[in-house]
Amino acid sequence: MSEDGDDDTGPVAVSSPGDEDGNGDDRYAFWADEVADAVEARSPTEPVVIKGGISPSGVPHLGNVNEITRGYFVAEVLRDRGWTVRQVFTTDDRDPLRKLPRKLADLDGNIVDLGDVDAGALGRNLGHAYTDIPDPFGCCDSYGAHFSALIGASADLLGVPIDVVSTTELYESGRFDDVVEHVLANRDRAREVLGQYQDKVDADYAPFNPVCGSCGKITETVTGVDIDARTVAYRCTDIEAGERTIEGCGHEGEATFREGKLPWRFEWPAQWDVLGVDFEPFGKDHAEGSWPSGVDIAENVLGTDPPEPMVYEWFTLDDEPFSSSEGNVVLVHDVLETLEPEVLRFFFAKDPNRARDFSVERLDQLVDEFDRAERLYYDEETGTDDETRRADRVYPYLFDLDDVPDDALAAGDVTVDPAAFDHDDPDHRRQRRTFLDETFTDRVRLPYTFAAVLGMFDDEAARLEAARAQNHVTDADPDWAVTDAFERVALASEWATRTDNEYNYSVQRGSAPAVDVDDETAAALDELAGFVADGADGEAIQGEIYETAKRHGLDVGDFFAAGYRLFFDDDEGPQLGYFLAKLDREFVVDRLRRER
C-alpha cells in the first residue's frame, strides 16, 4: 500500500497449528483455511474479490509479492470450496512522485542504477503522478505503466493470476466519479472523521487532490467544490515530501473529478467500494494507521462495509529491511534464477504472523525445508502429526503445471495447456491435482547442496554419473523426472556464484589434473584414500587429512594444497574433507590414488 495509515472489524488474527516444527493442536493446519472461513462468513457474491495494492515508488521487490501470494493462497482455498475468485492488485499510480528511487528495474527484472537510465525523466517530474512521468527506460507509456508491467510479470512468474488495476484508469474512466462526488458532497463529515487520524484538517479542507492544469503536479489546495458540475477549483501550492518541499506553481484553475485523486486515506476505502473487495491482506504498518481510518471512512463517510482484512508480518532481506526507494531489494526474477517457483511459494505459505528473513546466503536451508515437506506429503518420510497435517494441506497449493517439463504432463495425460490454465475451472484444477497425486509421485529431487556440487563438475555425463553413484538417480526413474531434477543444478550453481560460497569452484572430474607429488605425499594420499574407502562423514575425513599429514611428516597446508590440485586444479578450495564426503566414494578414492 502507498502510505501508512477497535471493533469487530479488526484484522483477522490468523491462528496456526503452532510453530512450523509441529507443536500445536489448533483446528487448521494452514492459515489460509481460517481466513477463507472469515471471507465465506460475509456471504459474498461471486466472483469473490481479493485485493492487494502498491504505490510505484521504486522496484517491485519480493516483499511486495508477499501481498500477492498471501491473497493467492486464500483464493485457492476458496476455489477448492467451489467459489469463483477474482484477484486484483491496484497500482496507486496517480500518487505523486515524492523522491527519486536509488534503484530501478527493467522489464526483464534487471536492477539498474539511476545513472543507467534517463534519470532526468524522474528528476524533472517530482510531484507529478506516476502515469504522467515518462518511462525512464523508454519502453512503456509511463513510469507507472512500467512499474505495473513488472508487478504483473512477478505474479506471472509465480503462476498467480491477478488483474493489475491502475488507479489512474479508475479515475480517468469515470469509475471513481460517484465515490468522489459522495466524499466531496459529505466533506464536513469527511473532515470530522479524518480529523481523528490526521493533523491539519481545518475547516477549509476538501478531500481531493487535483492535477494542476499548468505544471501537471498534484496539488492539495481546493478552494471550491461544484458538486453538480463535478469540478473543483484549486490553487497549485507546495506539497511536502519527507524532509523536502515540492514547490507548486501558484496556478489557479478548475479540475474535474477525473483530473485528480482522493487522498490516500479516502482512496483506499474507495477502491474497496468500486472494486467490490471482499478480502485484503496488508502489512503490519497499516494495522494501526491506515486500516482503522479506512474502516471508519468506509462505514461513516461512504456507508459501505470494509473487506475482511488480514495483517501479515514483514520479512527482511539478509537481515536488512526491504526498501524500494533505498535499493535494498531482490526481484522474483532474480530469486527464480536460484530457486524453483514451488520453493518460493513455500516461503510465502509460511505463517503470516511471524517475521522472517529471506536469506540468499542460506537458500539451501529453505530448499531442504521444502523438500522435507514434499517427502512428508508423499509419505516418504515420517514427522509429527502436525508436520504431516501441514504438509498435506499446504503442498498442493505450491504446485503449478508450468513447473514441470512437457514430457511429464504427457506421461500424466494432462490435456490442459499450462499457459492457459484457468484457476476457476474445476476440470483444470482436477487435472492438476490428479497429476500431482499420481504421475508426480515419480519425481526426482536432488538435494540442493548436492546439486551445487554437481554444478562444479565440468561435464554433464560426470554429473549424471555422480548422481547415480549416490543413488539420487536410478534406472527406474522416468526420463522426465531426471530431466526435471537436473534443472536444480543450474539454480544451485547460480546460488553458489552469487554468494561465492564453498561450492563456487570447478571440479576436474572428466580427467585428472597432472599433479606431481613426492613419494611421502603419494603415500599419504593413498592412506587417505583407504580411510575414505572404509566410509566416513565429512567431519571425519577433514580430521583425517590433518592426522595423515602429521603421520607422514608433511606440512598440513601443503597436503591440503595437493588435494585441491587433484580435485580443482587449484591450490585452494572449500573445506576439503566436508566436500569430498559429498562426492561419490569410488570417484574420490580413485582420484586420491591418482587413478582417474
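On a predicted model such as this, the values are computed, not experimentally measured, just so you know.

Another aspect to go through is the overall build of the protein. Looking only at helices and strands, the protein has 23 helices and 17 strands in total. Along the longest, intermediate and shortest principal axes, the C-alpha atoms of the protein span 100 × 50 × 40 Å. Burial status across the protein gives 55% buried among its 596 residues.

Let's shift gears to the nonpolar core. Grouped together as the largest cluster of nonpolar side chains are 118 residues, with contacts concentrated most on Leu62, Phe73, Phe358 and Leu446. With near-sequence residues (within four places) excluded, phenylalanine 358 lies in contact with Leu62, Phe315, Thr316, Leu317, Asp318, Val335, Leu339, Leu344, Phe347, Leu363 and Leu366. Counting 40 residues, the second-largest nonpolar core is a separate cluster that includes Val180, Val193, Trp291 and Ala298.

The strand order across the open sheet built from 3 strands is β16-β15-β17, with neighbouring strands paired in mixed fashion. A strand with exactly one partner marks an edge of an open sheet, and here the two such strands are β16 (320-321) and β17 (356-358).

A few words now on the pattern of salt bridges. In the structure shown here, the tally under the stated rule is 45 salt bridges. In this structure, the salt-bridge partner of aspartate 37 is arginine 81, at a minimum N-O distance of 2.9 Å. Here the residue aspartate 37 occupies a position in helix α1 (residues 31-40), and arginine 81 occupies one in the loop between α2 (62-80) and β2 (85-91), the gap between them amounting to 44 residues. Note on arginine 81: relative accessible area 31%, which makes it partly exposed. We note a salt bridge from lysine 261 to aspartate 95, for which the minimum N-O separation is 3.3 Å. Pair noted here: lysine 261 is in strand β12 (residues 260-261) and aspartate 95 is in the loop between β2 and β3 (103-105), with a separation of 166 residues, a long-range link.

The next thing to look at is the confidence of the model for the protein. Within the protein, residue pLDDT values average 92, and 95% of them lie at 70 or more. Across residues 1-9, confidence stays below pLDDT 50; counting only partners more than four residues off in sequence or on other chains, it has 31 contacts. Note on residues 21-26: pLDDT under 50 across the span, and 15 contacts to partners over four residues away in sequence or across chains.

A few words on the sheet that holds strand β7 (residues 221-226). Taken in spatial order, the 3 strands of this open sheet run β7-β8-β11, and their pairing is antiparallel. Two strands bound the open sheet, and with one partner strand each, they are β7 and β11 (252-256). Across the sheet, the axes of successive neighbouring strands diverge by a mean angle of 25 degrees, strand direction being ignored. Where strand β8 (residues 231-235) and β11 come together, 5 bridges link them in antiparallel fashion. By the bridge assignment, alanine 233 is partnered in β11 with glutamate 254.

With that settled, the discussion passes to helix α20 (residues 538-551). With 14 residues, α20 should reach 20 Å at 1.5 Å per residue; the first-to-last C-alpha distance of 20 Å fits that figure. Turning to α20, its buried residues are Gly538, Ile541, Gln542, Glu544, Ile545, Thr548 and Ala549. Angularly, the buried residues of α20 cover 160 degrees about the axis, an arc narrow enough to put them on a single face. Across α20 from its buried face, at more than 90 degrees, point the exposed residues Glu539 and Lys550.

Another aspect to go through is the packing of helix α19 (residues 519-533) against helix α23 (residues 585-592). Relative orientation of the contacting elements α19 and α23 amounts to 165 degrees, with a least axis distance of 8 Å. Here α19 is positioned roughly antiparallel relative to α23, judged by the angle of their axes. The handedness of the crossing between α19 and α23 is left-handed. For the pair α19 and α23, the contacting residues are Leu525, Asp526, Leu528, Ala529, Val532 and Ala533 in the first and Arg585, Val588, Val589 and Leu592 in the second.

The next point concerns the packing of helix α17 (residues 460-469) against helix α18 (residues 479-499). Running from N to C, α17 and α18 point in directions that differ by 105 degrees, and their axes come no closer than 12 Å. Viewed along their axes, α17 and α18 adopt a mutual orientation that is roughly perpendicular. Where α17 abuts α18, its residues Arg463, Leu464 and Ala467 lie against Val482, Phe486 and Val489.

That bond from glutamate 46 to proline 47 is cis: its omega, 0 degrees, falls within 30 degrees of zero. On the secondary structure map, proline 47 appears in the loop between α1 and β1 (48-54). A positive phi is found at arginine 230, a non-glycine position, where the angle reads about 55 degrees. Of note, arginine 230 is situated in the loop between β7 and β8. Phi is positive for asparagine 471, close to 65 degrees, though the residue is something other than glycine. Turning to its location among the elements, asparagine 471 is positioned in the loop between α17 and α18.

Let us look at a negative patch on the surface. Taken together, the side chains of Asp402, Asp406, Asp407, Asp417 and Asp479 present a region of like negative charge at the surface. Residue placement: aspartate 479 occurs in helix α18.

A relative accessible area of 66% means that aspartate 479 is categorised as exposed. Sequence spacing of aspartate 479 and arginine 443 is 36 residues, and the spatial spacing of their C-alpha atoms is 9.9 Å.

Here serine 323 is to be found in the loop between β16 and α10 (332-335). Setting aside residues up to four positions removed in sequence, serine 323 forms contacts with Asn328 and Val329.

A few words on the side chain of aspartate 278. Topologically, aspartate 278 is positioned in the loop between α8 (264-275) and β13 (279-283). In this structure, aspartate 278 is buried with no salt-bridge partner, the nearest side chain bearing the opposite charge being arginine 42 at 4.3 Å.

This next bit is on the packing of aromatic side chains. Considering all chains together, one arrives at 36 aromatic pairs under this definition. Ring plane angle 55 degrees and centroid distance 6.2 Å describe the contact between phenylalanine 208 and phenylalanine 257, whose orientation is recorded as tilted. Note that phenylalanine 208 is positioned in the loop between α7 (187-194) and β6 (209-210) and phenylalanine 257 in the loop between β11 and β12, a separation of 49 residues in sequence. Relative to phenylalanine 282, the ring of tryptophan 268 lies with its centre 5.5 Å away and its plane at 85 degrees, an arrangement referred to as edge-to-face. You can see tryptophan 268 sitting in helix α8 and its partner phenylalanine 282 sitting in strand β13, a full 14 residues away along the chain. A relative accessible area of 1% places tryptophan 268 in the buried class. For phenylalanine 282, a relative accessible area of 0% corresponds to the buried category. Here the aromatic residues Tyr505, Tyr546, Phe560, Tyr564, Phe568 and Phe579 are joined through ring pairs into a cluster of three or more.

Rules of the game
- Residues numbered from 1 in each chain as written.
- Predicted model: local features only at pLDDT ≥ 70, side-chain atom pairs only at ≥ 80, totals over all residues.
- Heavy atoms only, no water.
- Helix = DSSP H or I, 4+ residues; strand = E, 2+ residues; numbered from the N terminus.
- Buried < 20%, exposed > 50% of the residue type's maximum accessible area, 1.4 Å probe, protein only.
- Core = buried A, V, L, I, M, F, W, Y, C linked by side-chain atoms within 4.5 Å.
- Contact = heavy atoms within 4.5 Å.
- Pairing = 2+ DSSP bridges.
- Salt bridge = Lys/Arg side-chain N within 4 Å of Asp/Glu carboxyl O.
- pLDDT = per-residue confidence, 0-100.
- Axes fitted to C-alpha atoms, helices over the stretch in contact; angles between N-to-C directions.
- Expected span 1.5 Å × (residues − 1).
- Arc of directions from axis to C-beta.
- Parallel < 35°, antiparallel > 145°, perpendicular 65-115°, else oblique.
- Left-handed = near helix turned anticlockwise from the far one by under 90°.
- Patch = residues over 30% accessible without salt bridge, like charges linked within 9 Å, V, L, I, M, F, W, Y side chains within 5 Å.
- Areas by Shrake-Rupley, 256 points an atom, 1.4 Å probe, with all protein chains shown as cover.
- Lys, Arg positive; Asp, Glu negative; His and termini not counted.
- Charge placed at Lys NZ, Arg CZ, Asp CG, Glu CD.
- Phe/Tyr/Trp six-rings, centres within 6.5 Å; stacked < 30°, edge-to-face > 60°.

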